[in-house]
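Topology and contacts: notes
Each chain, letter by letter, is given below.
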Amino acid sequence: MALRKGQAAIFDGITFLLLATFSATLIFTAVGTYGEQEDEVMRSSYVINYMQTVSKAFYHVDAQQLAGVCGEGGDKCEEIEVYADLAGKCVELEQYLPGISLSDLLKKDLADPGSPVLDDSYGGIEALGKTATRCAAKEFMKPFTSAGYDYVIEIVQPSSVALIGDAETGESAVIKTSTPIISNLPENAKENDYIEEKDGFVETSVCFNALNAGEKVFSVASPFKVTSKNSDGKIIENQLVLRVCMWPSRQQISSTLLRS
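Nothing here was measured: the structure is a model prediction, and the numbers come from that model. (Residues numbered from 1 in each chain as written. Predicted model: local features only at pLDDT ≥ 70, side-chain atom pairs only at ≥ 80, totals over all residues. Heavy atoms only, no water.)

Right, let's get into helix H3 (residues 129–140). In a regular helix each residue adds 1.5 Å, so 12 residues correspond to 16 Å; H3 covers 16 Å between its end C-alpha atoms and thus fits that length. With respect to burial, H3 is a largely interior element, 11 of its 12 residues being buried. (Helix = DSSP H or I, 4+ residues; strand = E, 2+ residues; numbered from the N terminus. Expected span 1.5 Å × (residues − 1). Buried < 20%, exposed > 50% of the residue type's maximum accessible area, 1.4 Å probe, protein only.)

The following block contains the structure:
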């Protein structure tokens, strides 16, 4: 009888130790997972906060201040493949008077009679809105490009299609952008599959294409009202949206893996 009681006591003790160990493991796993999730949320909030600051900067930076982006004091654009075509272009922004902001110039570019087109032109007159935006993006997005992110800046017309895209057709109401687009996507990168050109213009959302392909896309959007005139001279207000999106670059990851 005493032997059976001793065996029962040992069994109870082992069972208690197993339960205690299992409970402790659950607690540490829950705490560890919560910590990782909290850390990821905090990192995401910092990223989104910076991207929102970039969107705000469009309204406050003078176009003239961007003339030195490809100058001797900074990165030389001709030495960077994705910005090579900007060499000698950013300096042209010196022609604009102080007080003309980047958003002013971009809106002028988008105020074409009829349908807005982002092509450095306003009804046949030079308006370097796209060039100024590309010069600004090169500087504003530098912390992310150096960290291995691809970015795209798009102008969206949300009145006709959902902001990020139409789930059924995959089409987005983005404003036509003459190539190269406002991005750091290299020509030979796999990510360029997200850029669909037609007659030299991008007419579908690159941000949506990247999201639909499973990329971890960070995106912020802000109102961007553009006033223009139609062919009859009537004033039209286009309630557009300026969208900045980015995701980890597969090109950068592949290069890092090859080096290691």
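Structure shown, so let's carry the discussion forward.
Attention shifts here to the packing of helix H2 (residues 102–110) against H3. Look at H2 against H3: their axes get within 8 Å of each other, and the N-to-C directions meet at 140 degrees. Viewed along their axes, H2 and H3 adopt a mutual orientation that is oblique. Both H2 and H3 take part in a crossing whose hand is left-handed. Of H3, the residues touching H2 (which contributes Leu102, Leu105, Leu106 and Asp109) are Gly129, Lys130, Ala132, Thr133, Ala136 and Phe140. Across the contact of H2 with H3, the residue classes tally to 6 nonpolar, 2 polar and 2 charged. (Axes fitted to C-alpha atoms, helices over the stretch in contact; angles between N-to-C directions. Parallel < 35°, antiparallel > 145°, perpendicular 65-115°, else oblique. Left-handed = near helix turned anticlockwise from the far one by under 90°. Contact = heavy atoms within 4.5 Å. Nonpolar A, V, L, I, M, F, W, Y, C, P; charged D, E, K, R; others polar.)

Here the focus is the pattern of salt bridges. The full count for this structure, using the stated rule, is 7 salt bridges. Across the salt bridge formed by Glu139 and Lys142, the nearest N and O atoms sit 3.5 Å from each other. Note that Arg243 and Glu154 form a salt bridge whose closest N and O atoms lie 2.6 Å from each other. With Arg243 in strand E9 (residues 235–248) and Glu154 in strand E4 (residues 149–156), this residue pair connects regions lying 89 residues apart in the sequence. In this structure, Arg243 and Glu154 share a single accessibility class: buried. Several salt bridges converge on common partners, so that one network encompasses Lys138, Glu139 and Lys142. (Salt bridge = Lys/Arg side-chain N within 4 Å of Asp/Glu carboxyl O.)

The subject of this paragraph is the state of the cysteines. Throughout the structure, instances matching the rule amount to 3 disulfides. Covalent S-S linkage joins Cys70 and Cys77, the inter-sulfur distance amounting to 1.7 Å. Looking along the S-S bond of the Cys70-Cys77 disulfide, the torsion reads about -60 degrees, which is the left-handed sense. Comparing Cys70 with Cys77, the two get one shared label, buried. In this model Cys207 forms its disulfide with Cys245; the gap between the sulfur atoms is 2.0 Å. Here Cys207 and Cys245 share a disulfide; its torsion about the S-S bond, -90 degrees, makes the bridge left-handed. Here Cys207, found in helix H5 (residues 206–212), pairs with Cys245, found in strand E9; they are 38 residues apart in sequence, far enough to count as distant. The residues Cys207 and Cys245 share a single accessibility class, namely buried. Disulfides within the chain link the bonded cysteines, taken in sequence order, as 1-2, 3-4, 5-6. (Disulfide = S-S within 2.5 Å.)

Attention shifts here to the sheet that holds strand E6 (residues 197–198). Spatially, E1-E5-E7-E6 is the arrangement adopted by the 4 strands of the open sheet, whose pairing is mixed. Two strands close off the open sheet at either side, each with one partner strand: strand E1 (117–118) and E6. Looking at chain direction, E1 and strand E5 (residues 176–178) are connected through 2 bridges and run parallel. Counterpart to Leu118 in the pairing with E5 is Thr177. (Pairing = 2+ DSSP bridges.)

Don't take any of this as a statement about function, it's just geometry.
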